[in-house]
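# Structural description and commentary
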Amino acid sequence: VCTCSACRPRVLVASHPVASHPVRPPLFQVAMSERLLDVLECVEAVAGEALAARTEAQAHFTGVGPPDLCYVLKGYEPTLGLGLRSTLKGYWHSVVGLDASSAAAISAYLSELSQRQEPGAWLSAGEWRIVGGTYCAWDAFAQRDVRVEVKIPGGVTAYSVDCHGARAPTTEEQWRQLGVCAILRALCSPPADEALQLLPSPLTIEREAEFLEDVLAIAQLGVDIGGAFTDAALASMSPAEPPAAGAAVAGGGGEVGVLCSLMWAYFAQSHRFRQAADFFAQVVPLHPACAALLARARRACGESTLALDELCYALDKHPDNVPLLRAQADLSLELRLYAEGLALSSAAVQLAPRDVQVWLVLARAYLLNGAPELALLALNAAPVHVRTRSREAALELFPCAGMATPERLTNGDAYVGPQFSQKPNSNMVAVEADAVIRSAGEASVALTGVAALLPDEFVLPAELLGNNETQAYAVLVEAVSEVGWEALLACRDKVFAAQGEGSAEGGREGSSGSAAIAGANVLPGGDARAEHAAAALSPAEDEVSLRASEGEAEGEQTALPPGQRAVAGGKRVCRLWLQRLFEAMHADLQALSDWQQEDDELEEEQKMTREADTEPIEREGPDFREWLSRARLAKRLQQADATVEAYERCVAAVDSAVEEHGNCGTPLDEMPPELNDFHVAASLALLEIYVDDKDAIGLALGLCHSLIDISCTPDLPPTGERPRAPDKASLPQEVTAALYRLGGPHRRQGGRG
């Protein structure tokens, strides 16, 4: 047995969650005729309980809803022709990808299932056959379950059911909505359900135009996913016809609705921003807030000036729309219109003080206007830990909760319920490692993806930040690049009270009662910065001692309204999460300094070796894990050259490890699966960089070819991080997006070269 360093990690194969699972023997003896060909079903313990459980669970469906439910009744027919037995048994499985735009398409699927019933064994007493079924598909717009009952032989009946079980006839508009919902569910990452039947998505290039027309027709009705109404729909309703009880406003306050957010994700995941711009240009007259999405598409197409003009036109009609103000402020900062960006972000903060995104834009505006102290105050005022519902989260597909545990599966195994997955929408080879809980001070953070595979010594505090904290950290990184680390620390000491400095006693001097850092009435022109500074630096009404502030729980910090920060001696108290950001920044800068010092020492050693004309000293360098950690560090700190170098060395280190295993005779399927995971993660990161570099188009195409090979190689065993190779090769999502970007305007000629 080889004992070299390359063969030692082979023990990881035995500890892999998939490789270590033994094959489960059947728990029950099952008649062959009970099964459907290539369809795994759940056998009900009590007939009809699956439909009843789905009806009860309808009140808790969110987003685009759960997978469809296909419920069939089977009867046993004796060979002697004595007719069906009186007892019928219920079977069900979940379906994703079926065209649910008509009752005919659904009944055709049930009829196909009847043809897939396996025949009885030779000399058997009889066989099972399907006598009827019910197909359930969730209409996320009407918040009703559309069900199609099929009797074999017999007729087809379609109706809709609410959460109380009340039936209603289906309409043509409801079938259109159901078809759109079915396509959106097919775009989601499916849950890990044993009884899930995945069908090819009904959306094809030929049908995309029809799909977009259906979405526009739904947008004209003013309804949104979740049964909400848009502002325009509510305005057009007569007082005599109010919305149904419990109906909400889509994205309240002029926010972009869930449907429009999902359509943006549909185009953005493949970087088809030109098509997105054409689509949202038609939606803007129906939903003005979508002008923000149209502007994002224009910017991605390199038409920033046109995006600015369209946002100005939309803001003239809707000056109080927060998404438009936020998009206009962000675009103004990108075009170096810093004063205008500051005024727009200030107005957005006043209109939406609990929106963390507008506070982050305001912090960037202060920073780019030369006021780092106010930028820190804006970050401190941001409600980072206020929980808000993400629009993109609606694209996550969850199983139907509350389903009764079936008796067994048709293959004889015991049924294992699906797990609620938080995986992003992707059909590619990227790492989806199980979440690893790591401690970050008082907080516990779940690491996912390739970060969960990193050893503890390579996980820096910045890896453990939440989503909002990560965005705030990016603002701090920008501040360090603008003013430097030492100057930023001086700004922090100027605006925040140190521990033990002052107290709340006698501290109402200069209280202005201002809850926001920026004034809503500050317009472009005049000495705007002085007015902003006065509003920001004025102490708040709430006066809490530093000692109490330091000891408060992180979850209780949002009890104060945004901007109402405890003060001491005329200074504000720095939030605990912002203090952690500074600590994470210090750790990152220290790690970057150590990395640079190591490179300098190596370069000096090589120089001395060349001058002395001696053999270079061999020493073990970083492995692929450390190179990936360094690459992520450089990317966080916006060090472009160091990021590319580290990712390239990570790929090279993985290739060297694979070669060393091969030299030792290790078969491909016995190599540690983490080698493939790190290779894919580094390659995807490099692909993101290469596609934006006109001089690296050849390298980008080479990585695309490599990723396609990895995703379609049947020799690699399926793991939790790498899916089984499909029967028909499907292009990974990230590769599709990269090819669209490479084939964009002014880049096709370089791609041919």
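Residues numbered from 1 in each chain as written. Predicted model: local features only at pLDDT ≥ 70, side-chain atom pairs only at ≥ 80, totals over all residues. Heavy atoms only, no water.

### A look at the side chain of Asp-139
Along the chain, the position of Asp-139 falls in strand β4 (residues 126–139). Arg-185 provides the closest opposite charge to the buried, unpaired Asp-139, separated from it by 7.4 Å. At 3.1 Å, the side chain of Asp-139 and the backbone nitrogen of Phe-141 are in polar contact. Within the structure, the side chain of Asp-139 is placed 3.5 Å from the backbone nitrogen of Ala-142, a separation counted as a polar contact. (Helix = DSSP H or I, 4+ residues; strand = E, 2+ residues; numbered from the N terminus. Buried < 20%, exposed > 50% of the residue type's maximum accessible area, 1.4 Å probe, protein only. Lys, Arg positive; Asp, Glu negative; His and termini not counted. Salt bridge = Lys/Arg side-chain N within 4 Å of Asp/Glu carboxyl O. Polar contact = N/O pair within 3.5 Å; in protein donor to acceptor, adjacent residues only side chain to side chain.)

### Observations regarding the environment of Asp-641
Within the secondary structure, Asp-641 sits in helix α21 (residues 640–663). Separated by 10 residues in the primary sequence, Asp-641 and Ala-631 place their C-alpha atoms 10.0 Å from one another.

### With respect to the pattern of salt bridges
Pairs can form between side chains of opposite charge once their charged atoms are near each other. On inspection of all chains with the given rule, the structure shows 31 salt bridges. Lys-74 serves as the salt-bridge partner of Glu-41, at 2.7 Å between the closest nitrogen and oxygen. Of this pair, Glu-41 sits in the loop between α1 (11–14) and β1 (42–43) while Lys-74 sits in strand β2 (residues 68–78); the two residues are 33 residues apart in sequence, bridging distant segments of the chain. Among the residues examined, Glu-41 registers a relative accessible area of 0% and is labelled buried. Take Lys-74: its relative accessible area is 0%, and that puts it in the buried class. The partner of Arg-649 in a salt bridge is Glu-645, with the nearest N and O atoms 3.1 Å apart. Here Arg-649 and its partner Glu-645 are both found in helix α21, 4 residues apart, which amounts to about one turn of the helix. One salt-bridge network, held together by shared partners, links Arg-299, Asp-330, Glu-334, Arg-364 and Glu-478.

### Some details on the pairing of strand β6 (residues 156–161)
Direction of pairing for strand β5 (residues 144–151) relative to β6: antiparallel, over a ladder of 6 bridges. By the bridge assignment for β6, Arg-147 is matched with Tyr-159. Connecting β5 to the next strand, β6, in antiparallel fashion are 4 residues, including Gly-154 with a positive phi near 155 degrees. The sheet contact formed by β6 and strand β7 (residues 167–168) spans 2 bridges and is antiparallel. (Pairing = 2+ DSSP bridges.)

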